Amino acid sequence: MNNGLRAIGVLIFTILLQVVIFRFGIFNGGKAIIFFHLYGIVLLPIGWHKTTYLFIGALTGFILDLVLLTGGLHMAASTFLGLLLPHISNGIAPRDGFLKGHIIGANKDGWIRFLSYSFAIASIYSSALFAIEGGRLGLVFFAIWKGVLSGGLSVVIMLVAQGLFGLKRKNKKSKVSAYPWS
Amino acid sequence: MRNLFNLLIRNHRLVIFIVFEIIAFNWLLNTHSLHNNRMSSVGIKCSNSWLDAVGQVNTFKSIKEQNKFLNQENARLRTELHRLKKHVPLRYRSQRASLLDTAIWVIKPAEIIRTSTHLSSNLLVANKGELDGVFKGSGMLDNGCLAGKVVEVTDHECLVFPVINRNIEWSVRVGEEGTVGRLVWDGDNLKTAKVVDISKSSLILPGDEIYTTGFQGVFPADILVGEIKKVSFTEADDFKTVEVKLGADYNSIRFVEFLTDKRVSKSDSLINLIK
C-alpha cells in the first residue's frame, strides 16, 4: 500500500481513537490532556509539499472541533502545527536529511529521534491550544507549562503505541537457507 | 496588481495559514463567550485608543485657532472690566483693605453738579446732602480712589474739598506698610500732588502706590490715592519730595461715592473729652 494513503488511514484511525477513547484523558484538573491524534500527524510522511501539511492540520482540527464541540480551538492549534511541521522535521533530520516520503519511526530512526519529534509536535500543539484557550497574553507561560505536561503525557501514549505497533518483528527464521538443498 | 498576485503566490502558504486561522478564530469567537467578550473589550480599547489619538491630533491642529479666540476673548473681557471698574465704589488694593468692615463704613453714590478746577482752592458740589446720608466729614471717592472731603452739607447738597485744593492735607502711606506722609496739592497740575515729610532713609521708587492711612477718620486705611511718579530730594533737606499721579480724575469727575464712618460722632466726643 502506498505510504501516503496508509499514513492518512492511520491519521483517521487516531482521530477516531481520540474522539472515542482519549477524549476522556484529562488529568490534574485539565493541566495534562492526551492528544492521541497527534500520533497520526507524527506518522505522516516527511517531504510532502509544505501546504499539504497545512491542509491536513486544518482538516484534522476541524473534524475534532466538530465532534468535540470545541469551536475552532483544535483547528487553530493544528493549523499552526501544520505550518511548523516541515520545520520541525528539518530540525530533527540527520545530516543527510530524510528521504522523500520517509515515515519517522523508532525502529528506523531510533528512539531518541522519534521521541524528540513527537514531543516537539505534541508540546507545540498543546501549548498553542492552551494559549488560544486562555486568550490572554499573561497566561502564555502557564499555557506553555500545561503544553509541556500534556505533550509529555501524549508522548508516553505515542511511545506505547509505537512500541506495540510500530516495530516490525524480526523473523528469527531466515528465508534464505544456508543449505538450499536441505 | 500583477506584483501583488506574485507576492501572494510566493507566500501562498502564509496566506492559507492566515485564512485557516481566521476561520478558526471566527468559529471560536462565535462559540466561546469568554473569547468573544475579551475580543470585544480589546476591540473597544483599540477603537478608543485610535479615537483618542485622532482627537489629540485634531486638538493639536486647532490649538492655534483656539489661542486666537482666547486672546480675543481676553481682550474683550479686559475692556469689559475697565468699563465696569468705574461702577465699583472701592478699589481694595491690599489684604487689609479687604477686611474693611462695611457695617461701619456707609457708601452713598452721588453726582457732582458743580466743579471748579482752575483755582488754587478748587471746590466741588455734589447732589447728596444730610438727608441722603452724607455728612460733614464724609470722604469722597472717584473711581475707587481718594477724591475729597465734605466740608459743608445742606439737606440735599454738599460742598467738597477735593485733593486739588491747597487748603487741605491728607494723611497717606507709601505702599501698604511704608512711610507715612502728608499729601498736599501745589496748585500746578490737576493730575498730580505731592507727598511731603517722607524721610530720606525710606526706600521709595517711582511706580509705588500711595494709600490712605485712615488716621484722619475720613477714609478707611488702604484706599488708593495714586501712584508715585517722581521722587526728588536735595542735600540741604532731610526729607524727600514725592510727586504722585492722582487716581481721581478731576477733568472728567462726575459720578462719585461718599464714605461715612458711623463711629465718627463717638470718636469726636472722645477727642472732645480730652480737649
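The model shown is predicted, which means the values in this text are computed figures rather than measured ones.

Caption draft 1: Layout of the overall build of chain B. On a plain count of helices and strands, chain B comes out with 4 helices and 12 strands. Within chain B, buried positions represent 32% of all 275 residues. Counting contacts in chain B only where the partners sit at least 6 residues apart, residues at least 24 apart contribute 59% of the total. As displayed, chain B offers around 17,300 Å² of accessible surface, 57% of which is attributable to carbon and sulfur atoms.

Caption draft 2: Highlighting a positive patch on the surface. On the surface, B:Lys191, B:Lys229, B:Lys230 and B:Lys245 cluster together into a positively charged patch. Residue position: B:Lys230 is located in strand β10 (residues 224-232).

Caption draft 3: Quick look at the pairing of strand β4 (residues 145-153) of chain B. All names here are of chain B. By the bridge criterion, 4 bridges tie strand β3 (residues 139-142) to β4 in an arrangement that is antiparallel. Looking at β4, one finds that Leu141 is bridged to Leu146. Between β3 and β4, which pair antiparallel one after the other, the connecting turn spans 2 residues, and Asn143 there sits at a positive phi close to 55 degrees. Where β4 lies against strand β5 (residues 158-162), 5 bridges are found, and the strand directions are antiparallel. When the bridges of β5 are listed, Val153 appears paired with Cys158. Counted between consecutive antiparallel strands, the loop separating β4 from β5 contains 4 residues.

Caption draft 4: Geometry of the packing of helix α4 (residues 73-92) of chain A against helix α2 (residues 12-31) of chain B. At their nearest, the axes of α4(A) and α2(B) sit 7 Å apart, and the two run at 160 degrees to each other. Taken together, α4(A) and α2(B) sit at an angle that is classed as roughly antiparallel. The crossing of α4(A) and α2(B) is left-handed. In this structure, α4(A) contributes A:Leu73, A:Met75, A:Ala76, A:Thr79, A:Phe80, A:Leu83, A:Pro86 and A:His87 to the contact, and α2(B) contributes B:Arg13, B:Phe17, B:Phe20, B:Glu21, B:Ile23, B:Ala24, B:Phe25, B:Trp27 and B:Leu28. The class makeup of the residues in the contact of α4(A) with α2(B) is 13 nonpolar, 2 polar and 2 charged.

Caption draft 5: Quick peek at the environment of A:Lys108. Residue and element names in this part refer to chain A. With respect to the helices and strands, Lys108 occurs in helix α5 (residues 106-109). The exposed category is assigned to Lys108, whose relative accessible area is 56%. In the structure, Lys108 is positioned 58 residues away from Gly166 in sequence and 10.0 Å away in space, judged by C-alpha atoms. Side-chain polar atoms of Lys108 contact the backbone oxygen of Ile103, separated by 2.9 Å.

Caption draft 6: Geometry of the packing of helix α3 (residues 50-68) of chain A against α2(B). Two numbers describe how α3(A) lies on α2(B): the axes approach to 10 Å, and their chain directions differ by 10 degrees. Viewed along their axes, α3(A) and α2(B) adopt a mutual orientation that is roughly parallel. Counted together, A:Lys50, A:Thr51, A:Leu54, A:Phe55, A:Ala58, A:Phe62, A:Asp65 and A:Leu66 of α3(A) and B:His12, B:Arg13, B:Ile16, B:Phe17, B:Phe20 and B:Trp27 of α2(B) form the full contact between these two elements. Split by residue class, the contact of α3(A) with α2(B) holds 9 nonpolar, 2 polar and 3 charged.

Caption draft 7: Structural detail: the sheet that holds strand β9 (residues 209-212) of chain B. All names here are of chain B. Taken in spatial order, the 6 strands line up as β6-β7-β8-β11-β10-β9 and close into a barrel, and their pairing is antiparallel. Adjacent strand axes in the sheet meet at a mean angle of 40 degrees, parallel and antiparallel pairs treated alike. Sheet analysis places β9 next to β10, joined by 3 bridges and oriented antiparallel. By the bridge assignment, Glu209 is partnered in β10 with Glu227.

Caption draft 8: A look at the confidence of the model for chain A. Considering every residue of chain A, the mean pLDDT works out to 87; 91% of them sit at 70 or more. Looking over chain A, one finds the lowest element-wise mean pLDDT in α5(A), namely 84, and the highest in helix α2 (residues 37-42) of chain A, namely 93.

Reading the values: the criteria
- Residues numbered from 1 in each chain as written.
- Chains lettered and ligands numbered in written order.
- Predicted model: local features only at pLDDT ≥ 70, side-chain atom pairs only at ≥ 80, totals over all residues.
- Heavy atoms only, no water.
- Helix = DSSP H or I, 4+ residues; strand = E, 2+ residues; numbered from the N terminus.
- Buried < 20%, exposed > 50% of the residue type's maximum accessible area, 1.4 Å probe, protein only.
- Contact = heavy atoms within 4.5 Å.
- Areas by Shrake-Rupley, 256 points an atom, 1.4 Å probe, with all protein chains shown as cover.
- Patch = residues over 30% accessible without salt bridge, like charges linked within 9 Å, V, L, I, M, F, W, Y side chains within 5 Å.
- Salt bridge = Lys/Arg side-chain N within 4 Å of Asp/Glu carboxyl O.
- Lys, Arg positive; Asp, Glu negative; His and termini not counted.
- Charge placed at Lys NZ, Arg CZ, Asp CG, Glu CD.
- Pairing = 2+ DSSP bridges.
- Axes fitted to C-alpha atoms, helices over the stretch in contact; angles between N-to-C directions.
- Parallel < 35°, antiparallel > 145°, perpendicular 65-115°, else oblique.
- Left-handed = near helix turned anticlockwise from the far one by under 90°.
- Nonpolar A, V, L, I, M, F, W, Y, C, P; charged D, E, K, R; others polar.
- Polar contact = N/O pair within 3.5 Å; in protein donor to acceptor, adjacent residues only side chain to side chain.
- pLDDT = per-residue confidence, 0-100.

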